Amino acid sequence: MERTFSIIKPDAVQAGHVAGILSEIEKAAFQIVAIRKMSLSKAQAAGFYAVHAQRPFFDSLTTFMSSGPIVAMVLEKPNAIADLRKLMGATNPANAEEGTIRRKFARSIEANAIHGSDGEDSAAFEIGYFFAGYELL
Ligand code: GDP
């Protein structure tokens, strides 16, 4: 079993796509270990995306991620990290394959509906950033 971390981003929550995205995730055989609807401050979003601090879109990204409620979750299945990345599709929805979550639900390269950890180290950091151990039993 492997765990990964995911966020339904503010664009998708605002557009009413939470159930649609969770449905795709469950159809793909992920178990939802933990889930929380919440809002991020800009500082909390900056801490989460600290690896991108030098990127030109960092200010815009952290403003977007703190613009409305998100749904944060920990997902589990064998090969969860790579399988979620595949289910999400490319960062830019214009390049996302048919059948992927971003192809169906994303609006733009920034407002792209869903986040998924890109490796084991980032999954461990991101799960710990949002959830305490006692919430992950
Ligand atoms: P991901 O792993 O597919 O989410 O993509 P990255 O790790 O490269 O980027 C993190 C997030 O930053 C993306 O999901 C987008 O929300 C945003 N992002 C990425 N590239 C761009 C860009 O060129 N412009 C803007 N405005 N946002 C971007």
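This text follows the structure it describes.
Counting of residues starts from 1 at the beginning of each chain's written sequence and follows it residue by residue. Only residues with pLDDT of at least 70 get local features here, since the model is predicted, and only at 80 or more are side-chain atom pairs given and counted; chain-wide, interface and lining totals rely on the full set of residues. As a convention, hydrogens and water are excluded, and side-chain values are obtained from all of the structure's heavy atoms.

**A look at the pattern of salt bridges**
So, point 1. Salt bridges are identified by distance alone: a Lys or Arg side-chain nitrogen within 4 Å of an Asp or Glu carboxyl oxygen. Here the structure, examined in full by the defined rule, presents seven salt bridges.
So, point 2. For Lys-104, the salt bridge goes to Glu-24, with nearest N and O atoms at 2.7 Å. With Lys-104 in helix α6 (residues 101–105) and Glu-24 in helix α2 (residues 18–27), the pair connects residues that are 80 residues apart, well separated along the chain.
So, point 3. Relative accessible area decides the class of each residue, using a 1.4 Å probe on protein chains only: under 20% of the type maximum gives buried, over 50% gives exposed, and in between gives partly exposed. Judged by relative accessible area, which is 47%, Lys-104 ranks as partly exposed.
So, point 4. Classification of Glu-24 as buried rests on a relative accessible area of 12%.
So, point 5. Residue Lys-77 is joined to Asp-83 by a salt bridge in which the shortest nitrogen-to-oxygen separation is 2.4 Å.
So, point 6. Exposure remark for Lys-77: the relative accessible area of 12% places this residue in the buried category. Put simply, DSSP H or I for four residues or longer makes a helix, DSSP E for two residues or longer makes a strand, and each gets a number counted from the N terminus.

**Remarks on the nonpolar core**
So, point 1. Residues Phe-5, Ile-7, Met-65, Val-74, Phe-130, Phe-131 and Leu-136 are the most contacted members of the largest nonpolar core, which totals 21 residues.
So, point 2. Those elements that place two or more of their residues in this core are β1 (2–8), β2 (31–38), α3 (42–48), α4 (58–65), β3 (70–77) and α7 (120–130).
So, point 3. Broken down by element, the residue count for this core peaks at four residues, all from α4.
So, point 4. If sequence neighbours within four positions are ignored, Ile-7 has contacts with Phe-48, Met-65, Ile-70, Val-71, Ala-72, Ala-113, Ile-114, His-115 and Phe-130. For the purposes of this section, nonpolar cores are sets of buried Ala, Val, Leu, Ile, Met, Phe, Trp, Tyr and Cys residues that join through side-chain atoms within 4.5 Å. Note on contacts: a residue pair qualifies if any of its non-hydrogen atoms lie within 4.5 Å across the two residues.

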